[in-house]
Structures are given as C-alpha cells and as structure tokens.
Amino acid sequence: MLVLIATYILAKLEKVLNKVVHASIKVLVVGPVALLVTGFLAFIIVGPVVLLIGTGITNAVTFVFEHVGWLGGAIYGLVYAPLVITGLHHMFLAVDFQLMGSRLGGTYLWPIVAISNICQGYTTFGAWYVYKRRRMSKK
C-alpha cells in the first residue's frame, strides 16, 4: 500500500514539476527532485499512516477470528479465491507477518489458504474429468 501511495504522489509531483521547470533543465531537475521529495514524504508522512491502517486491518481480522472464528473463516475463504485472480492476495502477507509477530505467535490464515487452493485444484480436476467424459461419449 505504501508503494502505491508513494507512486501516486511521485506521478502527481512529476506532472507539476514538468509544468513549472524550464525545458532546458527538465532532464536534470524533474526526476531527482520528484524522487527526493517523494522519498521524504513516504518516510515521514505516508509510512506512519499506512502502518496505522495496516495495524487496524490486522486488529480487525484478529478480532473477527478470535470472537467469531467461523464467520472470519467463511469471509476469508469467500474473498481469497477472487483476490488470487487479481493478484491482491499478496496483501495478506503483511497481515500474516503481523500475526506471526503478535502474541499469537502464528497465523490462522494459512490453513484457510491451503483448503482454498486444494478446492481450486479439485474443481479444476473435476472440470477436466467432466470435459473428458463428454468427449469420450461423443465418439
């Protein structure tokens, strides 16, 4: 999330600098200044804010799993497979790492991920089997 926000800031800052800086020195000024300012903003402002947001998400996930575990597992299992398609499932690694470093000393998300992957594999196998059977019966 930090990288996405920093990239957004960098893009906006570069557009502004391209308008302000004279064409003769754009190549030398725009890139380094945009990177320098974005780096400082990322460390001073964006980083702490994103850390608070990540901690809040981790606390919310932990709360749901500790108090209503079946609901947390159902929601996570329902959301995980579509997130894999888009690649957004990697965002849960941060939650996993925070859970491993917390008082729990482990994560309860990996078993759900394993079951989700196994179900996807068996579904693929089942679809292949049905397809193969239909092809064989037509011959």
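Per an unreviewed UniProt entry, the protein goes by the name PTS system trehalose-specific transporter subunit IIBC and belongs to Staphylococcus saccharolyticus. Listed under Subcellular location (unreviewed entry) in UniProt, the entry text for the protein is "Cell membrane".

K.L.:
For the packing of aromatic side chains, give the residues involved together with the corresponding values.
P.N.:
For any pair of aromatic rings, the description rests on two quantities: the centre-to-centre distance and the angle between the ring planes. Counted according to the given criterion, the structure contains three aromatic pairs. On the basis of an interplanar angle of 40° and a centroid distance of 5.6 Å, the ring pair of tyrosine 76 and tyrosine 80 is categorised as tilted. Separated by four residues within a single helix, tyrosine 76 and tyrosine 80 lie in helix α3 (residues 69-86), roughly one turn from each other. Here tyrosine 76 matches tyrosine 80 in class, with each residue buried. Ring pairing ties together the aromatic residues Tyr76, Tyr80 and Phe92, which thus form one cluster.

K.L.:
So what about the layout of surface pockets? Which residues, and what values?
P.N.:
By volume, the largest pocket amounts to about 380 Å³. Lining of the largest pocket is provided by 15 residues; of these, Met1, Gly54, Ile57, Met91 and Ala94 occupy positions nearest its centre. Counting only elements with at least two residues in the lining of the largest pocket, the list comes to α2 (26-67) and α4 (92-101). No other element matches the eight residues that α2 contributes to the lining of the largest pocket.

Each value, and the rule that gives it
- Residues numbered from 1 in each chain as written.
- Predicted model: local features only at pLDDT ≥ 70, side-chain atom pairs only at ≥ 80, totals over all residues.
- Heavy atoms only, no water.
- UniProt positions renumbered as here; feature names shortened; annotations may be inferred.
- Phe/Tyr/Trp six-rings, centres within 6.5 Å; stacked < 30°, edge-to-face > 60°.
- Helix = DSSP H or I, 4+ residues; strand = E, 2+ residues; numbered from the N terminus.
- Buried < 20%, exposed > 50% of the residue type's maximum accessible area, 1.4 Å probe, protein only.
- 1 Å grid on protein atoms, 1.4 Å probe; cavity = no way out; pocket = protein on both sides within 12 Å on 5 of 7 lines; lining within 4 Å.
- Points joined across faces, edges and corners; volume = space filled by probe spheres on them.

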